[in-house]
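Read off the chains here:
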Amino acid sequence: MDHEGADPGFSAVGEVAGDRVTVTVTGEVDMATADALVKAATPERVTAATLDLRAVTFFDSAAIHALVRLAEHYPGRLEVFPSDRVRRVLDISGLGGQPWLRND
């Protein structure tokens, strides 16, 4: 499924394999697009999620909130691959040490 936000460069495409959804996100994740990210990452009947944020160019507080919601939704079953920008925002916000945050 593909969820387009207000930003024409934003995309959150989820693919389900077994009980895990993998969501590839591009563009800006902000107040206008964060809900689309959450929706793409929470299809029915999945119990784990992988977020590929390596092509994300902007990440704000609404995006951080979306990640926190997903971490609560998938306790111990979320992994996030951040872009350098996303990692910087998460480090600044104090979330850089979360167990769901992965390196390339």
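What counts as what
- Once a new chain begins, its residue numbering starts again from 1 and follows that chain's sequence as written.
- Under the rules for a predicted model, residues below a pLDDT of 70 receive no local features and side-chain atom pairs below 80 are neither given nor counted, while totals for whole chains, interfaces and linings still include all residues.
- Remark: hydrogens and water are excluded; side-chain values derive from all non-hydrogen atoms of the structure.
- The rule for a salt bridge is simple: a side-chain nitrogen of Lys or Arg has to be within 4 Å of a carboxyl oxygen of Asp or Glu.
- In this description a helix means any DSSP run of H or I spanning at least four residues, a strand means any run of E spanning at least two, and both kinds are numbered starting from the N terminus.
- Side-chain atoms within 4.5 Å are what join buried Ala, Val, Leu, Ile, Met, Phe, Trp, Tyr and Cys residues into a set we call a nonpolar core.
- Burial here depends on accessible area, computed with a 1.4 Å probe over protein chains only, as a share of the maximum for the residue type. Under 20% is buried, over 50% is exposed, and the range in between is partly exposed.
- Here, residues are in contact when the closest pair of their heavy atoms is within 4.5 Å.
- Confidence of the predictor in every single residue is expressed as pLDDT, which spans 0 to 100.
- Note: two strands are recorded as paired if DSSP finds a minimum of 2 bridges between them.
- As used in this structure description, the phrase polar contact means that two N or O atoms lie within 3.5 Å; if the pair is within protein, one of them must be able to donate a hydrogen and the other to accept it, and residues adjacent in sequence are counted only when both atoms belong to side chains.

With respect to the pattern of salt bridges
Piece 1. Tallied over the entire structure, the rule returns five salt bridges.
Piece 2. Across the pair Arg 77 and Asp 19 runs a salt bridge, and its minimum N-O distance is 3.5 Å. Remark: Asp 19 occurs in the loop between β2 (11–17) and β3 (20–29) and Arg 77 occurs in the loop between α2 (61–73) and β5 (78–82); sequence separation between them is 58 residues.
Piece 3. Arg 69 serves as the salt-bridge partner of Asp 35, at 3.4 Å between the closest nitrogen and oxygen. Of this pair, Asp 35 sits in helix α1 (residues 34–41) while Arg 69 sits in helix α2; the two residues are 34 residues apart in sequence, bridging distant segments of the chain.

A short note on the nonpolar core
Piece 1. Ranked by size, the top nonpolar core spans 32 residues in total, and within it Leu 51 and Phe 59 carry the most contacts.
Piece 2. Of all the secondary-structure elements, those providing two or more residues to this core are β3, α1, β4 (48–59), α2, β5 and α3 (84–93).
Piece 3. With sequence-adjacent residues up to four places away left out, Leu 51 is seen in contact with Val 23, Leu 37, Ala 41, Leu 67, Leu 70, Leu 78, Glu 79, Val 80 and Phe 81.

Overview of the environment of Ala 34
Piece 1. Here Ala 34 shows up in helix α1.
Piece 2. Judged by relative accessible area, Ala 34 falls into the buried class, the value being 5%.
Piece 3. C-alpha of Ala 34 to C-alpha of His 65: the two residues are 31 residues apart in sequence and 8.4 Å apart in space.
Piece 4. Discounting residues that sit within four places of it in the chain, Ala 34 has contacts with Val 29, Ala 62, Ala 63 and Ala 66.

Examining the confidence of the model for the protein
Piece 1. The pLDDT averaged across the protein works out to 93; a share of 93% of its residues lies at or above 70.
Piece 2. β5 holds the highest mean pLDDT among the elements of the protein, 98, whereas strand β1 (residues 2–3) holds the lowest, 44.
Piece 3. Segment residues 1–5 is flagged for pLDDT under 50; beyond a separation of four residues in sequence, or across chains, it makes 19 contacts in the model.

Focus on the pairing of β4
Piece 1. Two elements, β3 and β4, share nine bridges in a ladder whose sense is parallel. Bridge pairing links Val 23 to Leu 51 in β4.
Piece 2. The pairing of β4 with β5 spans five bridges and is classified as parallel. The residue bridging Asp 52 from the neighbouring strand is Phe 81, located in β5.

A look at the side chain of Asp 52
Piece 1. Along the chain, Asp 52 falls in strand β4.
Piece 2. Reaching out from Asp 52, the side chain makes a polar contact with the side chain of Arg 54 at a distance of 2.9 Å.
Piece 3. Asp 52 has contacts with Val 23, Thr 24, Val 25 and Phe 81, leaving out every residue within four places of it along the chain.

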